[in-house]
Amino acid sequence: MTHTQEQVVTVRPEPSQQPVVEMRDISITFGTVSALDRVSMRLFPGEVHALMGENGAGKSTLIKALTGVYTIDAGTIVVGGEEHEFHTPAAAQAAGISTVYQEVNLVPNLTVAENMLLGREPRRFGAINVRAMNRRARQTLERLGLDVNPGSLLGDHPIAVQQLVAIARAVDVDARVVILDEPTSSLDADEVEKLFDVMRRLREHGVAIVFVSHFLDQIYEIADRMTILRNGRLVEERMVAETSQLELVRLMIGRELEVLERLDRDQRQAAVSSETPVLKAVGLSRKGSLEATDLTLYEGEVVGVAGLLGSGRTELARLLFGADTADHGELEVRSSRRRLRSPRHAIDRKMAFSSEDRKAEGVIGDLTVADNMLLALQASRGWLRPIPQATRARLVRDYIQALDIRPADPDALMRNLSGGNQQKVLLARWLITDPDVLILDEPTRGIDIGAKTQIQTLVADLAAKGMAVVFISAELEEVLRLSHRVVVMRDRRKIRELPNDDVSVSDVLEIIAGEARQTEEGTA
Amino acid sequence: MTDTLDRAPAPERGAARPGLAGRLLGHQLLWPVLAIIVMLVIDVIANPSFLDVRIQDGHLYGNVIDIARNSAPVMLVALGMTLVIATRGIDLSVGAVAAIAAAVACTRIVESADEGAASATILASTTALAVCVLLGVWNGFLVSVLGIQPIIATLVLMVAGRGLAMLITDGQITTPTNDTFSNLASGFVLGLPIAFLIALGMVALTAVLTRRTALGMLIEAVGINPDASRLAGVRARTITWTVYVFGAVCAGLAGLIIAANTNSVNANSLGLWIELDAILAVVIGGTALTGGRFSLAGTVVGALLIATLVRTIPSIGIPSEANYLFKAFVVILVCLLQSPRARAALRVRGRRGAQPKAVAA
Ligand SMILES: Nc1ncnc2c1ncn2[C@@H]1O[C@H](COP(=O)(O)OP(=O)(O)OP(=O)(O)O)[C@@H](O)[C@H]1O
Ligand SMILES: [Mg+2]
């Protein structure tokens, strides 16, 4: 991220007002799992309150306890000075608590404007006034600096835009409390800045904002106070300005974080990539999503794709994998030149693709963790050859351990896992297929800092063993830390490809901006 | 039925908190099984000898045996429907397919050189089931290749199929005379009705095919999240296509049994509304219309419940005009007791009552 530490966090004295929301000793158990154990949290008007903790710490559950998605087993919730328990999310919304849940909960086959104003559409003579609705939606979107057509279908947009629409919806209502559960997990630095502007404005108007993010820089930039959770328990409430990053990490994970430095060393070692091309795309294009693009992947290298939202990075990944079919161009996988007609084709050629949209394109919620992990392997073996029990158990156990998935229960239902843990299961799904080409679109989305380094290390190790990896992330630092080669994209095409010898984030941004200037001069 | 049309994922609610026991099969089938028992008790009160089973010529006779036999067609249709529903689909054409199968089989038998020969039945039934495969291929094509909504896609055959069956029988009520054929419905093996054994056999076969292989899991994956399944390499299209073919074959078998029962086929009325009974059986058995996880055992119980219900209505002297009303009443009751939201409401009430104790402790 580009925002630096120069931004000094204003030290806010203990507010004299009453908290707008106070949750006291909240407990929630699911079956035998205790998700929250006597957790308390206070929200004051005009503050940004960060909810911190590792994957599965209970952040989302605490939020859902407040908004009435879950009924609490014990504890009290005080809203505006009165004890209050919401029984439905709608009731919480009506009481001025506006929430963006971690998994975007909008309707893909309604338009952007309909989604934003669902339930409070402007009406004229009883009928919905579509023009007024679109106008109002456009205004709100513009405040977030978002250039989308309010009349387009929500499902046609990438997950980051859907996330922004959800945020726009939440900040458009007159709310006392705005809750944002990992709103920035797939946003670029620019969008994050715009979101922060909106958040600052809301804060000035006395709104209390709950903010969840695994990016510590973001916390230090925007948050005033924080509540730290670990394993469903309250660790401490802190002022952000009085807590160092190191201290915060220790509070979250309960020990020192040692692995942070390791990666760079590892990666340097592995930086010799071979000369054997595994995948070669020539002039790959698809109308409306990608202009003709060439890309060659070699054994043992990590190719990072850098580009802003809408640059075509996800589209490139989908075409490489055959998730979408290319209109033109050729794709050679291990010198077989057959056109990829489906993901299945790609998988048969030992490719793997982890989508950025884990809810819509990854998670099979009603199946178990084990079934979710083994799905791709099972599908490629065919239905007649079920994976033997012993192999199943071993694979699942190994990967639960390797990726530290919690709860470590193969039979847990996937939909009951926390967002970050679901993401780990999906990674495992692809690692289990032992691919030659691994395409990762936002693989660390929603993953906590400890696990993130762990996954980055894993990717570097896999590449060192000969796997070719395409690594896409909105977080440029992460892309640059991992990759041997960087592909920079803009306006749905590749504008530059360069070896990664100490390329910096500002170098990449400069390339993107430079290209923009050129285009403008060209048209002028 | 709006559930099938509404493809939006179910919102996460407080109800998404099944206790451990909630996932146990026993729990899920508790209410339907209880309903069957209650009905049988009512039957016994109305007629103390209701449960008696006689042995005659080495065959078992009695009301319970009748229920088992009569449940066969619905059980078969519901079996196919279970897999179709698991993929988020629905098949409204099963009644028409049953009629076509029966029409083909009966006319073939009547037209064969030796109308009474066992070979005539075998040949005719095979032909009929082959026709069903084609019909299933048609449905599957519309749904999985052309991407037409299942309810609309199968409506086509539901309407057109009866016409096709009429064409086959020339609009006549065809009445074959063939002992082998009528044995499909009224015959016995090992003392049990052949029809029931066919249905159970199909259930067992399906159970092995889905649960001993990975097929069941893949079907569920497709039903829960088709996009994610496709990206994971599941051949979603082939799977969807296959379940429609399977559903049509099951419906065809049911059609043969129904025709054998009366030794006749009336293309207009054979298997009429059986799709609704089948869907009910599936839902009562705990397979959600929104697709995903399915329960074959549940479907068997659901079919038995419907057969018991049909038997109970006359035996307790409910006038035949009130037949459908009573059926609707029982079905609503069972579904209500099974509905997660209704159960959650009950649970919340239970917990509220217990709360003071928890606070005091
Ligand atoms: N409906 C549920 N049923 C069973 N367990 C659940 C359910 N919802 C959450 N849990 C469990 O509660 C714990 C807390 O989950 P939660 O989603 O609150 O984590 P989180 O802090 O938001 O993590 P992340 O950073 O990954 O989003 C996890 O162990 C999760 O598996
Ligand atoms: Mg969460």
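Just so you know, these numbers come straight off a predicted model, no measurement behind them.

(A) Region of interest: the interface of chain B and chain A. Chain B puts 31 residues into the contact, and the matching count from chain A is 43 residues. Taken together, both faces of the contact between chain B and chain A bury some 3200 Å²; the carbon and sulfur share is 59%. At the junction of chain B and chain A, the tally comes to zero salt bridges. Counting across the interface, chain B meets chain A through seven residue pairs in polar contact (both at pLDDT 80 or more). Secondary structure elements with two or more residues in the side of chain B that touches chain A: helix H10 (215-224), helix H11 (226-231) and helix H16 (340-360) of chain B.

(B) Focus on the sheet that holds strand E16 (residues 328-333) of chain A. Residue and element names in this part refer to chain A. Taken together, the three strands give an open sheet; going across it, the order is E14-E13-E16, and neighbouring strands pair in antiparallel fashion. A strand with exactly one partner marks an edge of an open sheet, and here the two such strands are strand E14 (290-298) and E16. Geometrically, the sheet is characterised by an average inter-axis angle of 5° between neighbouring strands, direction not taken into account. In this sheet, E16 lies alongside strand E13 (residues 277-286) in antiparallel orientation, the contact comprising five bridges.

(C) Looking closely at the nonpolar core. Counting 158 residues, the largest nonpolar core has Leu-320, Phe-321, Met-351, Met-373, Leu-438 and Ile-439 of chain A together with Phe-181 of chain B as its most contacted members. Residue assignment places this core across two domains, with domain 2 (260-350 + 436-523) and domain 3 (362-434) of chain A each supplying three or more. In contact with Met-351 of chain A, not counting residues within four places along its chain, are Leu-279, Leu-320, Phe-321, Val-333, Leu-340, Ala-346, Pro-435, Val-437 and Ile-439 of chain A. Among the nonpolar cores identified, the runner-up in size contains 53 residues, and Met-116, Val-207, Met-252 and Ile-253 of chain A belong to it.

(D) Structural detail: empty space enclosed by the protein. All chains considered together, the criterion is met by five cavities of 30 Å³ or more. Here the largest cavity is characterised by a volume of approximately 80 Å³. For the largest cavity, the full set of lining residues is Phe-353, Ser-354, Ser-355, Glu-361, Gly-362, Leu-426, Arg-429 and Trp-430 of chain A together with Ala-228, Leu-231 and Ala-232 of chain B. Where the lining of the largest cavity is concerned, the elements lending two or more residues are strand E17 (351-354) and helix H15 (419-431) of chain A together with H11 of chain B. Of all the elements, H15 of chain A adds the most residues to the lining of the largest cavity, at three residues. Looking at the lining of the largest cavity, its residues break down into six nonpolar, three polar and two charged.

(E) How the structure looks around the packing of helix H4 (residues 130-143) of chain A against helix H5 (residues 159-172) of chain A. Residue and element names in this part refer to chain A. Close contact between H4 and H5 brings their axes to 10 Å; oriented N to C, the two are set at 105°. Accordingly, the angle class assigned to the pair H4 and H5 is roughly perpendicular. Within the contact between the two elements, H4 uses Arg-136, Thr-140, Leu-141 and Arg-143 and H5 uses Val-165, Ala-168, Val-171 and Asp-172. Here the residues of the contact of H4 with H5 are counted per class, giving four nonpolar, one polar and three charged.

(F) View of the sheet that holds strand E19 (residues 468-472) of chain A. Residue and element names in this part refer to chain A. Spatially, six strands are ordered E17-E18-E19-E15-E20-E21 in an open sheet, and the strand pairing comes out mixed. Unpaired on one side and paired on the other, E17 and strand E21 (493-499) mark the two borders of the sheet. Going across the sheet, the axis of each strand differs from the next one's by a mean of 15°, ignoring polarity. Of the pairings in the sheet, the one linking strand E15 (residues 302-307) to strand E20 (residues 485-490) comprises five bridges and is parallel in character. Paired with Gly-304 across the two strands is Val-486, which belongs to E20. Lying over the sheet, H15 contacts E17 and strand E18 (437-441), oriented at roughly 170° with respect to E17. Contacts from helix H16 (residues 449-464) reach E15, E18 and E19, with the element oriented near 150° to E19.

Quick notes on the rules
Residues numbered from 1 in each chain as written. Chains lettered and ligands numbered in written order. Predicted model: local features only at pLDDT ≥ 70, side-chain atom pairs only at ≥ 80, totals over all residues. Heavy atoms only, no water. Contact = heavy atoms within 4.5 Å. Buried area = accessible area lost by both parts, 1.4 Å probe. Salt bridge = Lys/Arg side-chain N within 4 Å of Asp/Glu carboxyl O. Polar contact = N/O pair within 3.5 Å; in protein donor to acceptor, adjacent residues only side chain to side chain. Helix = DSSP H or I, 4+ residues; strand = E, 2+ residues; numbered from the N terminus. Pairing = 2+ DSSP bridges. Axes fitted to C-alpha atoms, helices over the stretch in contact; angles between N-to-C directions. Core = buried A, V, L, I, M, F, W, Y, C linked by side-chain atoms within 4.5 Å. Buried < 20%, exposed > 50% of the residue type's maximum accessible area, 1.4 Å probe, protein only. Domains from an automatic or database assignment. 1 Å grid on protein atoms, 1.4 Å probe; cavity = no way out; pocket = protein on both sides within 12 Å on 5 of 7 lines; lining within 4 Å. Points joined across faces, edges and corners; volume = space filled by probe spheres on them. Nonpolar A, V, L, I, M, F, W, Y, C, P; charged D, E, K, R; others polar. Parallel < 35°, antiparallel > 145°, perpendicular 65-115°, else oblique.

What is shown is where atoms sit, not what they do.
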